[in-house]
Amino acid sequence: LSPQDQSGPFSQCCSTSGAALCIATRALNHRKEWIMKKLIAGAILLGASSMAFAQPGCGVGAMIWKGQSGIAPHVLAATTNGTFGNQTFGMTSGTLGCQTNQSVQSMAMYMDSNIDKVARDMSRGSGENLDTLAVLLGVDEADRDAFRKVLQDNFATIFPSSDTTSGEAVDAIVALLEKNESLSKYVAA
């Protein structure tokens, strides 16, 4: 081995264990770095592809890339909305392409300040904050058990990650309730 090969982090390896072991150690470390780079690239691609299929809903991003199809516009719209956090504002003010009723706007404002408490109650299927959502949406007493069950059963859809914003959670709740025959009337625009 040349003197420059015997310097740096492997110098002790090369001087005490022999050249063959030193070369094997270097190859193993190079392989570990290569695998780590591939894992990171895979995680980035997976994240980007999941964002690409998420509908950006309303907000500045959805308005900028309105009418465009494909992965890139979807990712850019969702990223713009996520970066600027403008969906909740649009929902509460009825601007930025957000069409919601007053009850949904009230729920969105409540979610802004209480998202962690609502998530906790929703995961349990009961609680003061979940009841508050029902009241804000005007859910009749007769429909409240169904309301709680739908939200609890779909908790992972409403809160897919710990980074879920209140706007994303409200969008998911509205989408779920719109699909439910007995609960859709509470979120009709």
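Rules behind the numbers
Residues numbered from 1 in each chain as written. Predicted model: local features only at pLDDT ≥ 70, side-chain atom pairs only at ≥ 80, totals over all residues. Heavy atoms only, no water. Helix = DSSP H or I, 4+ residues; strand = E, 2+ residues; numbered from the N terminus. Contact = heavy atoms within 4.5 Å. Areas by Shrake-Rupley, 256 points an atom, 1.4 Å probe, with all protein chains shown as cover. Expected span 1.5 Å × (residues − 1). Buried < 20%, exposed > 50% of the residue type's maximum accessible area, 1.4 Å probe, protein only. Phe/Tyr/Trp six-rings, centres within 6.5 Å; stacked < 30°, edge-to-face > 60°. Patch = residues over 30% accessible without salt bridge, like charges linked within 9 Å, V, L, I, M, F, W, Y side chains within 5 Å. Salt bridge = Lys/Arg side-chain N within 4 Å of Asp/Glu carboxyl O. Axes fitted to C-alpha atoms, helices over the stretch in contact; angles between N-to-C directions. Parallel < 35°, antiparallel > 145°, perpendicular 65-115°, else oblique. Left-handed = near helix turned anticlockwise from the far one by under 90°. Nonpolar A, V, L, I, M, F, W, Y, C, P; charged D, E, K, R; others polar.

Across its full length, the protein chain carries 10 helices and 0 strands. Within the protein chain, contacts between residues separated by at least 24 positions form 48% of all contacts whose residues are at least 6 apart in sequence. With an accessible surface of roughly 11,300 Å², the protein chain has 58% of that area assigned to carbon and sulfur atoms.

Now for helix α10 (residues 166–179). Two residues of an α-helix separated by three or four positions point the same way, owing to the 3.6 residues in each turn. A rise of 1.5 Å per residue sets the reference length of α10, with its 14 residues, at 20 Å; its end C-alpha atoms lie 20 Å apart and thus fit the reference within 8%. Turning to α10, its buried residues number three or more, namely Ser166, Gly167, Ala169, Val170, Ala172, Ile173, Val174, Leu176 and Leu177.

Moving on: the packing of aromatic side chains. Under the criterion given, the structure shown has 1 aromatic pair. With 5.3 Å between their ring centres and 35 degrees between their planes, phenylalanine 155 and phenylalanine 159 make a pair best called tilted. Given the relative accessible area of 26%, phenylalanine 155 is considered partly exposed. What makes phenylalanine 159 buried here is its relative accessible area of 11%.

Turning our attention to a nonpolar patch on the surface. On the surface, Trp34, Ile35, Met36, Leu39 and Ile40 cluster together to form a nonpolar patch covering roughly 500 Å² of accessible area. Following the sequence through the fold, isoleucine 40 ends up in helix α2 (residues 19–53).

Glancing now at the pattern of salt bridges. Counted according to the given criterion, the structure contains 6 salt bridges. One salt bridge in this structure joins lysine 185 and aspartate 143, with 3.7 Å as the shortest N-O distance. Of the two residues, lysine 185 is situated in the segment after α10 and aspartate 143 in the loop between α7 (128–137) and α8 (144–153); the sequence distance between them amounts to 42 residues. Exposure remark for lysine 185: the relative accessible area of 53% places this residue in the exposed category. One salt bridge in this structure joins aspartate 153 and lysine 149, with 2.8 Å as the shortest N-O distance. Of this pair, aspartate 153 and lysine 149 both sit in helix α8, 4 residues apart, roughly one helical turn. Counted as one network, the salt bridges with shared partners bring together Asp131, Asp145 and Arg148.

Before going further, it helps to examine the packing of helix α6 (residues 102–124) against α7. The geometry of a pair of packed helices is captured by two quantities: the angle between their axes and the separation between those axes. Put simply, α6 and α7 touch, their axes get as near as 8 Å, and they point 165 degrees apart. Classified by the angle their axes make, α6 and α7 are roughly antiparallel. In this structure, α6 crosses over α7, and the sense of that crossing is left-handed. Here α6 contributes Ser103, Val104, Ser106, Met107, Tyr110, Met111, Asn114, Lys117, Val118, Arg120, Asp121 and Met122 to the contact with α7, which in turn contributes Glu128, Asn129, Leu130, Thr132, Leu133, Leu136 and Leu137. Classifying every residue of the contact of α6 with α7 gives 10 nonpolar, 5 polar and 4 charged.

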